[in-house]
Every structure is written in C-alpha cells, then in structure tokens.
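Single-letter residue listing:
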Amino acid sequence: MELASTIHHDGDGGVADDLETVRGTTRWIQQQTGDTTPQEFLTGELVADEELRDEIVGVRRAVRALFARVLSPAPPSPADAHRLMPADEALAHLNAAAARELVAPQLEWPAERAPAARLLSAEGDPRVRLVAALARDAVDFLSGPEREQLRACHAPRCVRYFIKSHGRQEWCKPSCGNRARVARHYERTRGTAGQG
C-alpha cells in the first residue's frame, strides 16, 4: 500500500507524486520500514538513480493497474483512470520484478522464542532486492485476504487506495470524508439556491 500511496492529493487540488524525481524516490526509500525492507534501505545507504526510479515507478504502475482490476467494475482511482497499464501487462511486469531476486525461506528458532521464517537472498545488488521486495509485497497482498477490502477513495481530489477497516468506511482518511460531505452540502445548497 505504501508504494501505491506515493501518488496522492497535493493539498492544492492536484496530484503529487513522491517518486517524480530521483531525490524524491531516495527520500521515499529511506522512509520505508518493515519486514520486507532490508536494513541497508533503512540506514540511508541506498540512493536512487534514474534507472532505479524507473523500475520502482514501473512496479507501482503495475500495482495500481492490478488494484483497479480488483475494484472492477467499480471505478479505479481517478489518478489512474486515463492511463492504466493493461492487466495482463501489469501481471507480467509484477511477476518479472518479483522473480529478479531468487530467495529461499530460512527457519530461525531461538531457544527462548517461537520459530520464524525469513527470506534469504543471494542477490548482492540492493537495488534488485528492493524492486523485487516491493513486487513480492504486492503479490502477497493481491493474493491474500486483504485484497477483498481494497477500495479507491472517491472523495473530491483524492487518488488513494485504502484497506476498508470497518463496514461503513467510504474514504481513506477522515479529512477525505470531510471534503466529501462539504462537497455534497455545497451541491445541495447550490441546487436549492438555483431553484429559488
């Protein structure tokens, strides 16, 4: 979800792209945390270049296209509606990115804790590992149970996808709900004023 959310409302009625520049991509990489983000990405050692930025944006395009497929026939995010990658191309792109790093599961079982699995990689290039990890995360999400709760936020000017966490949730965050209510109120009062 973090990768898909690098496209978001900019606060001024437009769309912001955190990965638009190499500097922005480096900043985003360095802000990531989680089980799939190798330690060298967290310590600021990895600096993006144009090639890495393009690879990450390619995975994001595939993910957002597949998110739109999950939502179909409901509309996708407005940010993607006019430029979605075809679903078969998105699948091939995501699978190819995930396959760039060969990994093997390893079991760790400390005496004082429960066993845990982790993935061990023989890949030496941290850029390849990052792109593959992002793609594997997307594969895990799209093949998992949370996929059924995926929604596109359709509040005015919002372009995010989100995981619906309760039955009545319609927006990605409260501020989007507020914007949607204000827009509905405006439309109602404008319609009433026009009738008078």
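Counting restarts for each chain, with residues numbered from 1 along the sequence as it is written. Local features in this predicted model are restricted to residues of pLDDT 70 or higher, and side-chain atom pairs are both shown and tallied only at a pLDDT of 80 or more, whereas totals for entire chains, interfaces and linings draw on every residue. Side-chain calculation: all heavy atoms of the structure are included, whereas hydrogens and water are not.

Before going further, it helps to examine the overall build of the protein. For the protein, the helix and strand inventory stands at six helices and six strands. Helix numbering and strand numbering both begin at the N terminus, where a helix is a DSSP run of H or I of at least 4 residues and a strand a DSSP run of E of at least 2. Ordered by position in the sequence, the α and β elements of the protein form the string β-β-α-α-α-α-β-β-α-β-β-α. Burial classes follow relative accessibility: with a 1.4 Å probe on protein chains only, a residue under 20% of its type's maximum area counts as buried, one over 50% as exposed, and anything between as partly exposed. Out of the 196 residues in the protein, the part that is buried amounts to 38%. Residue pairs at least 24 apart in sequence account for 54% of intrachain contacts in the protein once pairs closer than 6 positions are excluded. In this description, contact between two residues means that some pair of their heavy atoms is separated by no more than 4.5 Å.

Across its 22 residues, helix α3 (residues 50-71) extends 31 Å between first and last C-alpha, which sits within 8% of the 32 Å expected from 1.5 Å per residue. Here a polar contact means two N or O atoms within 3.5 Å. Within protein one must be a hydrogen donor candidate and the other an acceptor candidate, and residues neighboring in sequence count only if both atoms are side-chain atoms. Regarding α3, its N-cap is Asp-49, as a side-chain oxygen of that residue lies 3.3 Å from the backbone nitrogen of Glu-51 further along. The length a helix should cover is 1.5 Å for every residue beyond the first.

We now examine the nonpolar core. Counting residues in hydrophobic clusters, the biggest one holds 33 residues, and the most contacted among them are Ile-29, Ile-56, Val-59, Phe-67 and Leu-94. When contributions to this core are tallied by element, the ones reaching two or more residues are α1 (22-31), α3, α4 (87-99), α5 (126-142) and β5 (150-152). Broken down by element, this core gets its largest block of residues, eleven residues, from α3. Core analysis: the next-biggest nonpolar cluster, separate from the first, contains seven residues, Cys-153, Ala-155, Phe-162 and Trp-171 among them. Residue types Ala, Val, Leu, Ile, Met, Phe, Trp, Tyr and Cys, when buried and joined through side-chain atoms within 4.5 Å, form a set referred to as a nonpolar core.

All right, on to the pattern of salt bridges then. Each reported salt bridge corresponds to a side-chain nitrogen of Lys or Arg within 4 Å of a carboxyl oxygen of Asp or Glu. Applying the stated criterion to the full structure yields eight salt bridges. With a closest N to O distance of 3.4 Å, Arg-127 and Asp-49 form a salt bridge. One end of the pair, Arg-127, is in helix α5; the other, Asp-49, is in the loop between α2 (39-42) and α3, and 78 residues separate them in sequence. Taking the relative accessible area as the measure of exposure, Arg-127 reaches 26% and is therefore partly exposed. Classification of Asp-49 by relative accessible area gives partly exposed; the value is 31%. In this structure, the salt-bridge partner of Glu-50 is Arg-53, at a minimum N-O distance of 2.9 Å. One end of the pair, Glu-50, and the other, Arg-53, are both in helix α3, three residues apart, so they sit about a helical turn from each other. Overlapping salt bridges bring together Glu-50, Arg-53 and Asp-54 as one network.

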